[in-house]
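# What the coordinates show
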Amino acid sequence: MNKFLFLIILVVFFFSSCMLLPLPQSAEIELTYTPNPVTDGYYDGNYGWSFYSDITISEKNNISVTLGNYGPNGCCCYGQLIVNGKIVETYYYDESDVESWFGTLTIEGGSYIKENDALFTTGNYPSAKMSETYYGKDENGNLVSCSNTLILDASKKKKKI
């Protein structure tokens, strides 16, 4: 009887274990910039070289995502300014910053959020790259992220003072 009970428990455990149940699908988010590269930067006395690009975060797997502070140092967006292959500045933005840019933290499944004319500044560097990563959690509880690099190049323009 004990062997039979043990066998039943083993079979029930085996068929109900997470190993046999399919894992919930994960959202797939994608970060794009338009235009990329940006070549029409201008020099501003307060910020140095300034560039504008639209930022779009799209969800590709029909699973909703809420962006949040799941990245390094509890950030929602992590950015690095790269000049000549070297990181010259690192930025950490929390979800309140990201929400102010996009107007929301929620990306519905199969949809997107967009910030038009996002400002990127590079100080006195007319040519740089901005690498960004956004972090979120999908409706199935999976942590997701998306990354991309924006090329900023006004090296063919003369510095305006």
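Placed above this text is the structure.
From a predicted model like this one, the values you see are computed outputs, not experimental measurements.

## Considerations on the overall build of the protein
For the protein, the count of helices and strands is 2 helices and 10 strands. Starting at the N terminus and walking to the C terminus, you meet the elements of the protein as α-β-β-β-β-β-β-α-β-β-β-β. Expressed as a percentage of the 161 residues in the protein, the buried residues total 36%. In the protein, the share of contacts with a sequence separation of at least 24, taken over all contacts with a separation of at least 6, comes to 69%. With the model as given, the accessible surface of the protein reaches about 9,900 Å², and the carbon-plus-sulfur share is 53%.

## Points about the side chain of Ser-64
Summarising the element assignment, Ser-64 is placed in the loop between strand 3 (48-59) and strand 4 (65-67). By relative accessible area, Ser-64 is classed as buried at 17%. When neighbours within four sequence positions are excluded, Ser-64 is seen to be in contact with Ile-107, Glu-108, Gly-109, Lys-137, Asp-138 and Glu-139.

## Description of the nonpolar core
A general tendency of soluble globular proteins is for nonpolar side chains to be buried together. Among the nonpolar cores identified, the biggest contains 32 residues, and Ile-29, Ile-55, Ile-57, Leu-67, Val-98, Phe-120 and Tyr-134 are the most heavily contacted of them. Of all the secondary structure elements, the ones that give two or more residues to this core are strand 1 (29-34), strand 3, strand 4, strand 5 (77-83), helix 2 (95-102), strand 8 (112-121), strand 9 (127-138) and strand 10 (143-153). Filtering out sequence-adjacent residues up to four positions away, Ile-55 remains in contact with Leu-31, Thr-32, Tyr-33, Phe-102, Ile-113, Lys-114, Glu-115, Ala-118, Phe-120, Glu-132 and Tyr-134.

## Notes on the side chain of Asp-138
Within the element layout of this structure, Asp-138 appears in strand 9. A polar atom in the side chain of Asp-138 sits 2.8 Å from the backbone nitrogen of Asn-140. Apart from the residues within four sequence positions on either side, Asp-138 is in contact with Gln-25, Ser-26, Ala-27, Ile-63, Ser-64, Val-65 and Val-144.

## Observations concerning the environment of Ser-96
Inspection of the secondary structure puts Ser-96 in helix 2. Assessed through its relative accessible area of 46%, Ser-96 is described here as partly exposed. Spatially, the C-alpha atom of Ser-96 lies 8.9 Å from that of Gly-68, the residues being 28 residues apart in sequence. Side chain to side chain, Ser-96 and Asp-94 meet in a polar contact 2.5 Å long.

## Digging into the packing of aromatic side chains
For the structure shown, the criterion picks out 7 aromatic pairs. Seen in terms of ring centroids, Tyr-78 and Tyr-92 are 5.4 Å apart; in terms of plane orientation they differ by 50°. Their pairing is tilted. With Tyr-78 in strand 5 and Tyr-92 in strand 6 (residues 86-93), this pair connects stretches of sequence that are 14 residues apart. A ring pair is formed by Phe-102 and Tyr-134, whose centres lie 6.0 Å apart and whose planes are at 80°; its orientation type is edge-to-face. Here Phe-102, found in helix 2, pairs with Tyr-134, found in strand 9; they are 32 residues apart in sequence, far enough to count as distant. Connected via pairs of aromatic rings, a cluster forms that spans Tyr-91, Tyr-93 and Trp-101.

## A short note on unusual backbone geometry
Where the residue is not glycine, phi is negative for most of them; where a peptide bond is considered, it is trans in most cases. Thr-34 connects to Pro-35 through a cis peptide bond whose omega is 0°. Turning to its location among the elements, Pro-35 is positioned in the loop between strand 1 and strand 2 (42-44). Positive phi values are uncommon outside glycine, yet Asn-73 reaches one of about 55°. If you trace the backbone, Asn-73 turns up in the loop between strand 4 and strand 5. Despite not being glycine, Asn-84 shows a phi value in the positive range, around 50°. Here Asn-84 shows up in the loop between strand 5 and strand 6.

What counts, and at which threshold
- Residues numbered from 1 in each chain as written.
- Predicted model: local features only at pLDDT ≥ 70, side-chain atom pairs only at ≥ 80, totals over all residues.
- Heavy atoms only, no water.
- Helix = DSSP H or I, 4+ residues; strand = E, 2+ residues; numbered from the N terminus.
- Buried < 20%, exposed > 50% of the residue type's maximum accessible area, 1.4 Å probe, protein only.
- Contact = heavy atoms within 4.5 Å.
- Areas by Shrake-Rupley, 256 points an atom, 1.4 Å probe, with all protein chains shown as cover.
- Core = buried A, V, L, I, M, F, W, Y, C linked by side-chain atoms within 4.5 Å.
- Polar contact = N/O pair within 3.5 Å; in protein donor to acceptor, adjacent residues only side chain to side chain.
- Phe/Tyr/Trp six-rings, centres within 6.5 Å; stacked < 30°, edge-to-face > 60°.

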